[in-house]
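Geometric and topological summary
Residue strings, one per chain:
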Amino acid sequence: MPEGSNSILRFEHVHVAFDEVNALADLSFEAFEGESRVILGAAGSGKTVLLKTALGLVRPDSGKVFAFGRDLTKMREQELFEIRSRIGMLFQESALFDSLNIEENVAYPLVNQKSIQCPPAEVHPRVVEALEFVELGGTLEKFPSELSGGMRRRAAIARAVVTEPPLVLYDSPTAGLDPITAHLIIALLIKERDLSQTTTLLVTHRYQDGNLIANFRYNSKQGSLEPARNGDGRGARTTFMVLKEGRLVFEGDQDRLELSTDPYIMKFVKPRV
């Protein structure tokens, strides 16, 4: 990373096991301010566990996790609340509350994460802004069951970013979506990353998602994506990670990833034409 970049998230030899089966094994990496990380791997390789460990929802059996320079592994649950208020999380299948309308869903972290300290009068305007950001401005009074799968995913993104977190974790945001909707979702992730300078961790099964993250930037003047030129935008600051049985078997840029001859890694890579 360029000199002066701040460390946002760091894993040091993290080990997590469930029923004596490794979920993460001696995992070490470091993500810096404004960097994107695309996490690939087979089902059960530890991708979701990695995100939950970063959020403090899973405690390592050994090793350390640092977020914003603070050691999560030493924190009590109460102390973790403040850290979580600085991390946005998009869970698999959106995880919206069925009994709340979209406005209430998006407002939830503003209202319930006390360390954010959002004045009541500011909640509604911030929710409206977040929903307009994901192009769902007219859905405040609708319930999740009234929205399509893609719209629910966009509402969940609005909830993840409404607190303006410096770190956002996305767990399979395009899973089960058609290609057009999936492209829209990734475009929103790039928009959030580039406008807010967020550090982004993206778990995905779709190599196309990582390719977009690595090679496109958001043009705020035109309101659309454009190819990132060499040394410009975020393309030079995207790192790919491949997990296998909880171990990090690849970490590097897209060019190196596509040159790999490892049979396991090659399963997740679709070379650019």
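Predicted, not measured: the structure shown is a model, and the values here were computed from it. (Residues numbered from 1 in each chain as written. Predicted model: local features only at pLDDT ≥ 70, side-chain atom pairs only at ≥ 80, totals over all residues. Heavy atoms only, no water.)

**Some points on the nonpolar core**
Where we set the bar: Here the nonpolar core consists of buried residues drawn from Ala, Val, Leu, Ile, Met, Phe, Trp, Tyr and Cys, with membership extended through side-chain atoms lying within 4.5 Å. The cut-offs for exposure are 20% and 50% of the maximum accessible area for each residue type, with area from a 1.4 Å probe on protein chains only; residues under the lower value are buried, those over the upper are exposed, and the others partly exposed. In this analysis, two residues are considered to be in contact whenever any of their non-hydrogen atoms come within 4.5 Å of each other.
With 49 residues, the main nonpolar core has Leu 131 and Leu 257 as its most contacted residues. Not counting residues within four places of it along the chain, the set of residues in contact with Leu 257 comprises Leu 40, Tyr 207, Phe 240, Val 242, Phe 250, Ile 265 and Val 269. Counting residues in each nonpolar core, the second largest holds 32 residues, with Ala 23, Leu 27, Phe 29 and Val 65 among its members.

**Overview of the sheet that holds strand 4 (residues 62-67)**
Strand pairing within a sheet occurs via backbone hydrogen bonds; the two strands may be parallel or antiparallel. Keep this limit in mind: What makes two strands pair is DSSP finding at least two bridges between them. Every helix listed is a DSSP run of H or I at least four residues long, and every strand listed is a run of E at least two residues long, numbered separately from the N terminus. Angles shown run from 0 to 180 degrees and are taken between the N-to-C directions of axes, each axis being a line fitted to C-alpha atoms and, for helices, limited to the stretch in contact.
The strand order across the open sheet formed by 4 strands is 2-1-4-5, and the pairing between neighbours is antiparallel. Looking at the sheet topology across the chains shown, the edges are occupied by strand 2 (21-32) and strand 5 (70-71). Pairing geometry for strand 1 (residues 7-18) and strand 4, over 5 bridges, is antiparallel. Looking at the pairing, Phe 11 lines up with Val 65 of strand 4. The strands that helix 1 (residues 47-54) touches are strand 1, strand 2 and strand 4; relative to strand 1, the one it contacts most, it runs at about 120°.

**Description of the environment of Phe 18**
Mapped onto the elements, Phe 18 comes out in strand 1. The spatial distance from the C-alpha of Phe 18 to the C-alpha of Asp 61 is 9.7 Å, given a sequence separation of 43 residues. With near-sequence residues (within four places) excluded, Phe 18 lies in contact with Ala 23, Val 49 and Val 58.

**Let's talk about the packing of helix 6 (residues 179-196) against helix 7 (residues 207-215)**
Put simply, the rule reads: The handedness criterion is simple: a crossing whose near helix is rotated anticlockwise from the far helix by less than a right angle is left-handed, and one whose near helix is rotated clockwise is right-handed. All residues other than Ala, Val, Leu, Ile, Met, Phe, Trp, Tyr, Cys, Pro, Asp, Glu, Lys and Arg, Gly among them, are scored as polar; the first ten of these are nonpolar and the last four charged.
The interhelical angle for the contact between helix 6 and helix 7, taken along N-to-C directions, is 30°, at an axis separation of 10 Å. Handedness of the helix 6/helix 7 crossing: right-handed. When helix 6 is examined against helix 7, the residues His 183, Ile 186, Leu 189, Ile 190 and Arg 193 are found in contact with a partner set consisting of Asp 209, Leu 212 and Ile 213. Residues that form the contact of helix 6 with helix 7 fall into these classes: 5 nonpolar, 1 polar and 2 charged.

**Describing the pairing of strand 2**
Strand direction decides the pairing type here: strand 1 and strand 2, joined by 8 bridges, are antiparallel. Bridge pairing in strand 2 links Ser 7 to Phe 32. Linkage of strand 1 to strand 2, two consecutive antiparallel strands, is achieved through a turn of 2 residues, within which Asp 19 is found at a positive phi near 50°.

**Details of the pattern of salt bridges**
Operational definition: The working definition used for a salt bridge is a side-chain nitrogen of Lys or Arg within 4 Å of a carboxyl oxygen of Asp or Glu.
The final tally for this structure, using the stated rule, is 9 salt bridges. In this structure, Arg 10 engages Glu 12 in a salt bridge whose closest nitrogen and oxygen atoms are separated by 2.8 Å. A salt bridge links Arg 70 to Glu 82, with the nearest nitrogen and oxygen atoms 2.9 Å apart. Pair noted here: Arg 70 is in strand 5 and Glu 82 is in helix 2 (residues 77-84), with a separation of 12 residues, a long-range link. By relative accessible area, which is 29% here, Glu 82 ends up partly exposed. Among the ionic contacts, a cluster of salt bridges with common partners joins Arg 10, Glu 12 and Glu 30.

**Digging into the confidence of the model for the protein**
Reading fine detail from the predicted coordinates is not recommended where pLDDT is low. Which entries qualify depends on this criterion: The predictor rates its confidence in each residue with pLDDT, a number between 0 and 100.
With 96% of its residues at a pLDDT of at least 70, the protein reaches an overall mean of 91. Averaged pLDDT values for the elements of the protein fall to 88 in helix 2 and rise to 98 in strand 12 (residues 247-252).

**Observations regarding the packing of aromatic side chains**
Defined as follows: To pair, rings of Phe, Tyr and Trp, with the six-membered ring standing in for Trp, must have centres within 6.5 Å; the planes then decide the type, stacked if under 30 degrees apart, edge-to-face if over 60, and tilted in the middle.
Inspection of the entire model under this criterion finds 4 aromatic pairs. Where Phe 11 meets Phe 29, the ring centres are 4.8 Å apart and the plane angle is 25°; that geometry is what we call stacked. Residue Phe 11 is located in strand 1, and its partner Phe 29 is located in strand 2; the two are separated by 18 residues in the primary sequence. Across the pair, Phe 29 and Phe 11 agree in class, each one buried. Ring centres of Tyr 264 and Phe 268 lie 5.0 Å apart, and the angle between their planes is 70°; on these two criteria the pair is classed as edge-to-face.

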